[in-house]
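Chain by chain, the residues run as shown.
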Amino acid sequence: MGRPKLAYVHLAACSGCEISFLDNFERLLDIMEMVDVEYMTLIMDAREAPKVDIVFVDGAACLQSGEAVETLKKARENSSYLVAWGGCSTTATINNFCRGGQLPQPQHEAFPPISRLVKVDAFVPGSPPAPQMAYNVIKAFVEGDLDYLKYLSSYEVGGYACGCDLWKDIVENSLCIGCGACAMACPTRAITMEMGRPNVIFDRCVKCGACYAQCPRSFLPTAAIEGMMKRLMEE
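Throughout what follows, the structure given in this document is the object of discussion. (Residues numbered from 1 in each chain as written. Predicted model: local features only at pLDDT ≥ 70, side-chain atom pairs only at ≥ 80, totals over all residues. Heavy atoms only, no water.)

1. Some details on the pairing of strand β1 (residues 5-10)
- Sheet topology note: the β1/strand β2 (residues 36-40) ladder contains four bridges and is parallel. Bridge assignment links Tyr8 to a residue of β2, and that residue is Met40.
- Looking at chain direction, β1 and strand β3 (residues 52-58) are connected through five bridges and run parallel. By the bridge assignment for β3, His10 is matched with Asp58. (Pairing = 2+ DSSP bridges. Helix = DSSP H or I, 4+ residues; strand = E, 2+ residues; numbered from the N terminus.)

As structure tokens, then:
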């Protein structure tokens with residue numbers, strides 16, 4: 001069998017995540033040894049994404065753009081494994097605040113996470129994610145390393161998440177261990193550690209979900225913990 005085929009689809013976003021993908025430097029050559037890159041508009045002249053084994057989708061699809069929605073649906077239809085690459089595809093980030101259309105009747109345009117429109121097999125949050133993550137995901141896919149991909153396949157990684165979710169789900173449930181992983185993961189330095197707890201500077205938060213995804217306590221069964229707290233209150 002030949003090497004798996006890869007496509008990279010760019011939707012509504014800056015090119016930061018795309019540049020991060022290419023910033024693998026010499027490892028980019030290793031990636032091209034593992035897969036055949038069939039579609040990536042930044043490095044090749046190709047107009048339509050063909051059928052591939054794995055596709056990276058960067059950016060959000062504007063619901064008011066039939067072309068964007070159709071591009072996303074075709075990317076899903078033409079691939080066996082779809083990766084939401086970066087914050088704009090996993091959580092929609094600051095696209096959630098986009099306002100399109102102008103006078104005389106301004107229109108609020110919607111850019112939801114792509115998981116609202118198509119099935120996502122793996123989420124890689126961050127604005128942008130680290131370049132090494134592209135290499136690691138592709139290597140795991142090629143080698144069939146399901147243990148590595150299992151974490152990225154959780155819908156807890158995808159979907160809307162910001163610093164406020166750390167407080168709601170982690171700090172308020174007494175799960176925070178003060179490790180600082182959330183602060184280290186934040187690309188805009190919107191989180192500082194104050195007395196062992198994350199302090200969120202909301203004006204800097206771009207809602208990329210990197211902090212929540214990096215928190216080692218975010219995957220604990222909070223429903224079970226809430227049940228335990230309820231039983232303790234009843235005793």
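Right, picking up where we left off after that structure.
2. Some points on the pattern of salt bridges
- As enumerated under the stated definition, the model contains seven salt bridges in all.
- The residue Lys119 makes a salt bridge to Asp121 at a minimum N-O spacing of 2.5 Å.
- Take Asp121: its relative accessible area is 11%, and that puts it in the buried class.
- When salt bridges that share partners are traced, they join Arg76, Lys119 and Asp121 into one network. (Salt bridge = Lys/Arg side-chain N within 4 Å of Asp/Glu carboxyl O. Buried < 20%, exposed > 50% of the residue type's maximum accessible area, 1.4 Å probe, protein only.)

3. Some remarks on helix α7 (residues 163-171)
- Taken together, the buried positions of α7 are occupied by Gly163, Asp165, Leu166, Asp169, Ile170 and Val171. Along the long axis of α7, the arc covered by the buried residues comes to 160°, so they all point the same way. (Arc of directions from axis to C-beta.)

4. A word on the sheet that holds β1
- Spatially, the five strands line up as an open sheet ordered β2-β1-β3-β4-β5, and their pairing is parallel. The open sheet terminates on both sides in strands that have one partner only, identified here as β2 and β5 (122-124). Along the sheet, successive strands turn relative to each other by an average axial angle of 20°, direction set aside.
- As paired strands, β3 and strand β4 (residues 79-85) are joined by five bridges and run parallel to one another. (Axes fitted to C-alpha atoms, helices over the stretch in contact; angles between N-to-C directions.)

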